[in-house]
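One-letter residues, chain by chain:
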Amino acid sequence: EPEVTQTPSHQVTQMGQEVILRCVPISNHLYFYWYRQILGQKVEFLVSFYNNEISEKSEIFDDQFSVERPDGSNFTLKIRSTKLEDSAMYFCASSELQFTILTSIEQYFGPGTRLTVT
Amino acid sequence: AQKITQTQPGMFVQEKEAVTLDCTYDTSDPSYGLFWYKQPSSGEMIFLIYQGSYDQQNATEGRYSLNFQKARKSANLVISASQLGDSAMYFCAMRVALNSGGYQKVTFGTGTKLQVIP
């Protein structure tokens, strides 16, 4: 069964450093997402991406964040200058189609990357 | 704005018994979908079940069923015949189906931690 993959599974970085979290969505999917989950808290939407551009972003997704689909298979989240509060699990997700009320096109989530900022 | 409320931070259930996890939601949009995800201790998000706002019947998937009460804006998850492997965090979530190019993000609740007791 096709699945979303994410690398690395765990990333430790120092405050102020740049990190790039990588995701390989399911191959025929067109919509891509990043979410984060601070330990013990709920999952929060960061950004959605379609047709090589951001389609929606949350207030969390400020100027230190950026996303890219550099080569047609990878989907990356870059955090330019990490802060302690960026420590969280970051989930990538993808979906084949745009969600409509007539479908149950769920988002397929990757296993997550645990980011620890020290 | 969409909001998901899960009022049970933790639940216990005896193995083989049924359990109901509560979820209420709030949205002004008439077209939306409700989802339940399971997050085991390993961290991945596993899709369980989906209910569209116009669906006339409650969704069922194996041992999972969704008790959808639209007037009350509730979408409780019922797990029948609980198994030890059901011990996990359970998240209720919602997506709003707007026009083409509209919002695709999933809004999550804070989750309920279910523990199945042998």
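Above this text you will find the structure in question.
Residues numbered from 1 in each chain as written. Chains lettered and ligands numbered in written order. Predicted model: local features only at pLDDT ≥ 70, side-chain atom pairs only at ≥ 80, totals over all residues. Heavy atoms only, no water.

This part takes up the overall build of chain A. Within chain A, the secondary structure is distributed over zero helices and 11 strands. In terms of C-alpha radius of gyration, chain A reaches 14 Å, essentially the compact-globule figure of 13 Å for 118 residues. Dimensions along the principal axes, computed over C-alpha positions, put chain A at roughly 45 × 30 × 30 Å. Looking at the 118 residues of chain A, the share that counts as buried comes to 48%. (Helix = DSSP H or I, 4+ residues; strand = E, 2+ residues; numbered from the N terminus. Rg over C-alpha atoms; globule rule 2.2 N^0.38 Å. Buried < 20%, exposed > 50% of the residue type's maximum accessible area, 1.4 Å probe, protein only.)

Moving on, we come to the packing of aromatic side chains. Geometrically, a pair of aromatic rings is defined through the distance of the ring centres and the angle of the planes. With the rule as written, the count across this model stands at 20 aromatic pairs over all chains. Aromatic side chains Y25(B) and Y32(B) sit 5.1 Å apart centroid to centroid with 55° between the ring planes, which places their arrangement in the tilted category. Per residue, the accessibility class of Y25(B) equals that of Y32(B), and both read buried. An angle of 45° between the planes, with centres 5.7 Å apart, marks the rings of Y37(B) and F108(B) as tilted. Of the two residues, Y37(B) is situated in strand 5 (residues 32-39) and F108(B) in strand 11 (residues 107-108); the sequence distance between them amounts to 71 residues. Here Y37(B) and F108(B) have matching classes, each one buried. Chaining the aromatic ring pairs together yields one cluster made of Y33(A), Y35(A), F45(A), F91(A), F109(A), F35(B), Y37(B), F47(B), Y50(B), F91(B) and F108(B). Sitting over the ring of Y64(B), R63(B) keeps its end group 5.7 Å from the ring centre. (Phe/Tyr/Trp six-rings, centres within 6.5 Å; stacked < 30°, edge-to-face > 60°. Lys NZ or Arg CZ within 6 Å of the ring centre and 35° of its normal.)

Residues and elements named next belong to chain A. Read from one edge of the open sheet, four strands run 1-3-8-7, paired in antiparallel fashion. Whereas interior strands pair on both sides, the edge strands pair on one side only; in this sheet they are strand 1 (5-7) and strand 7 (65-68). The sheet shows a mean angle of 20° between the axes of neighbouring strands, taken without regard to direction. With three bridges connecting them, strand 1 and strand 3 (residues 19-24) associate as antiparallel partners. Paired with Q6 across the two strands is C23, which belongs to strand 3. (Pairing = 2+ DSSP bridges. Axes fitted to C-alpha atoms, helices over the stretch in contact; angles between N-to-C directions.)

With that out of the way, let us pick up the state of the cysteines. In protein chemistry, a disulfide is the covalent bond that joins the sulfur atoms of two cysteines. Evaluation of the coordinates by the stated rule reveals two disulfides over all chains. There is a disulfide in this structure between C23(A) and C92(A), and the S-S distance comes to 1.9 Å. Disulfide C23(A)-C92(A): torsion about the S-S bond near -65°, hence left-handed. With C23(A) in strand 3 and C92(A) in strand 9 (residues 88-95), this pair connects stretches of sequence that are 69 residues apart. Of the two residues, C23(A) and C92(A), neither departs from the other in class, the shared state being buried. The residue that forms a disulfide with C23(B) is C92(B), at a sulfur-sulfur distance of 2.0 Å. As the torsion about the S-S bond is roughly -65°, the C23(B)-C92(B) disulfide counts as left-handed. Placement of C23(B) in the loop between strand 3 (19-21) and strand 4 (24-26) and of C92(B) in strand 10 (residues 88-96) is noted, with a sequence separation of 69 residues between them. Given the relative accessible area of 0%, C23(B) is considered buried. (Disulfide = S-S within 2.5 Å.)

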